[in-house]
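In case you want the letters, here they are:
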Amino acid sequence: MKDKIATIIGVTLCALFLLGLATTLTRSMMIGFKDVLPVYILMIIVIVMMFYEAFGDKK
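Here is a short report on the structure shown in this document. Every chain begins its residue count from 1, and numbering advances along the sequence as written. Reporting in this predicted model follows two pLDDT cut-offs: at least 70 for local features of residues, and 80 or more for side-chain atom pairs to be given and counted; totals over whole chains, interfaces and linings ignore these cut-offs and use all residues. Excluding hydrogens and water, the side-chain values take into account all heavy atoms of the structure.

1. Focus on the overall build of the protein chain
Our working rule: The helix count covers DSSP runs of H or I at least four residues long, the strand count covers runs of E at least two residues long, and both are numbered beginning at the N terminus. Only C-alpha atoms enter the radius of gyration; for comparison, a globular chain is expected to reach 2.2 Å times N to the power 0.38, where N is the number of residues. Burial status follows relative accessibility: with a 1.4 Å probe on protein chains alone, a residue under 20% of its type maximum counts as buried, one over 50% as exposed, and anything between as partly exposed. The accessible surface values rely on the Shrake-Rupley method and a 1.4 Å probe; as for residues, cover is taken only from the protein chains in view. His is not counted, nor are the chain ends, whereas Lys and Arg count as positive and Asp and Glu as negative. We put the charge of a Lys on NZ, of an Arg on CZ, of an Asp on CG and of a Glu on CD.
On a plain count of helices and strands, the protein chain comes out with 2 helices and 0 strands. Over its C-alpha trace the protein chain gives a radius of gyration of 14 Å, far above what one expects of a compact globule, namely 10 Å for 59 residues. Structurally, the protein chain occupies a C-alpha span of about 45 × 20 × 5 Å along its principal axes. Relative to its full complement of 59 residues, the protein chain shows a buried share of 15%. For the protein chain, the exposed area adds up to about 5000 Å²; of that, 73% sits on carbon and sulfur atoms. Each charge sign in the protein chain was given a centre, from 6 positive and 4 negative side chains, and these centres are 5 Å apart.

In structure tokens form, the structure reads like this:
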């Protein structure tokens, strides 16, 4: 039970960090949304893979 709670907390903190990293790019006036779109796509893929690895069916 402790392992599962620690995994949930760790994955959530890491996902929030990655999302925060991606959103700071859009704050710049010189970078448009089309420039940041590949970063958002990669972050979504990384977060999905991270959740799948953490909570996937392990045999």
